[in-house]
Amino acid sequence: MTRETEQALLNFCVRQRDQFEAAEWLKVPHPERDEFLAAVLFLAGVDWYGYRNELVNIATQIEPESIGHLSKVVGRTGFDLSRFSNSLRQQLKHESVVRAS
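Now for a description of the structure that goes with this document. (Residues numbered from 1 in each chain as written. Predicted model: local features only at pLDDT ≥ 70, side-chain atom pairs only at ≥ 80, totals over all residues. Heavy atoms only, no water.)

Moving on, we come to helix H1 (residues 3-18). In this model H1 runs 23 Å from its N-terminal to its C-terminal C-alpha over 16 residues, within 8% of the 22 Å that 1.5 Å per residue would give. Within the span of H1, buried status applies to Thr-5, Glu-6, Leu-9, Leu-10, Phe-12, Cys-13, Val-14 and Gln-16. In this structure, the buried residues of H1 make contact with helix H2 (22-26), helix H3 (33-44) and helix H6 (81-100). (Helix = DSSP H or I, 4+ residues; strand = E, 2+ residues; numbered from the N terminus. Expected span 1.5 Å × (residues − 1). Buried < 20%, exposed > 50% of the residue type's maximum accessible area, 1.4 Å probe, protein only. Contact = heavy atoms within 4.5 Å.)

Pasting the structure below:
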């Protein structure tokens, strides 16, 4: 994943946190489907993002057998979950500070 596509994915996830639209997720707004699926599965499994049921449903629609197989999807892509998690959390925190001021 390039830095540009990574930032686009992070921006999408930040926007969706405030205004979740399942239809937008189903359009797979990322050039690499498996990377996007890894992000969806990851977010469905963390307690700090929200929308767990919706994200599980989206992952199932993208790839029915993907639930419970995050490591397999990550293995197909080399998706850096730690980097993604840290970057997304930082952006979400930044957005909340900006909105509060």
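Next up on the list: the packing of H3 against helix H4 (residues 52-62). Two numbers describe how H3 lies on H4: the axes approach to 8 Å, and their chain directions differ by 150°. Judged by the angle between their axes, H3 and H4 are roughly antiparallel. Crossing of H3 over H4 shows left-handed handedness. For the pair H3 and H4, the contacting residues are Arg-33, Phe-36, Leu-37, Val-40, Leu-41, Leu-43 and Ala-44 in the first and Arg-52, Leu-55, Val-56, Ile-58, Ala-59 and Ile-62 in the second. Grouping the constituent residues of the contact of H3 with H4 by class yields 11 nonpolar, no polar and 2 charged. (Axes fitted to C-alpha atoms, helices over the stretch in contact; angles between N-to-C directions. Parallel < 35°, antiparallel > 145°, perpendicular 65-115°, else oblique. Left-handed = near helix turned anticlockwise from the far one by under 90°. Nonpolar A, V, L, I, M, F, W, Y, C, P; charged D, E, K, R; others polar.)

Before going further, it helps to examine the pattern of salt bridges. Throughout the structure, instances matching the rule amount to 7 salt bridges. One salt bridge connects Lys-27 with Glu-24, and the closest N-O pair in it is separated by 3.2 Å. Of the charged contacts, one joins Arg-76 and Glu-63 as a salt bridge, the two residues approaching to 2.9 Å between their closest N and O atoms. Within this pair, whereas Arg-76 is found in helix H5 (residues 70-77), its partner Glu-63 is found in the loop between H4 and H5, the two being separated by 13 residues in sequence. With relative accessibility at 38%, the residue Arg-76 sits in the partly exposed group. For Glu-63, a relative accessible area of 12% gives the class buried. Counted as one network, the salt bridges with shared partners bring together Arg-33, Asp-34, Glu-63 and Arg-76. (Salt bridge = Lys/Arg side-chain N within 4 Å of Asp/Glu carboxyl O.)

This paragraph deals with the packing of H3 against H6. The description of two packed helices rests on the angle between their axes and on the distance between the axes. Between H3 and H6, the shortest axis-to-axis distance is 11 Å and the interhelical angle comes to 65°. Relative to H6, H3 is oriented roughly perpendicular. You can see that H3 and H6 cross each other, and the crossing is right-handed. Contacts from Ala-38, Ala-39, Phe-42 and Leu-43 in H3 reach Leu-81, Phe-84, Ser-85 and Leu-88 in H6. Looking at side-chain class alone, the contact of H3 with H6 contains 7 nonpolar, 1 polar and no charged residues.

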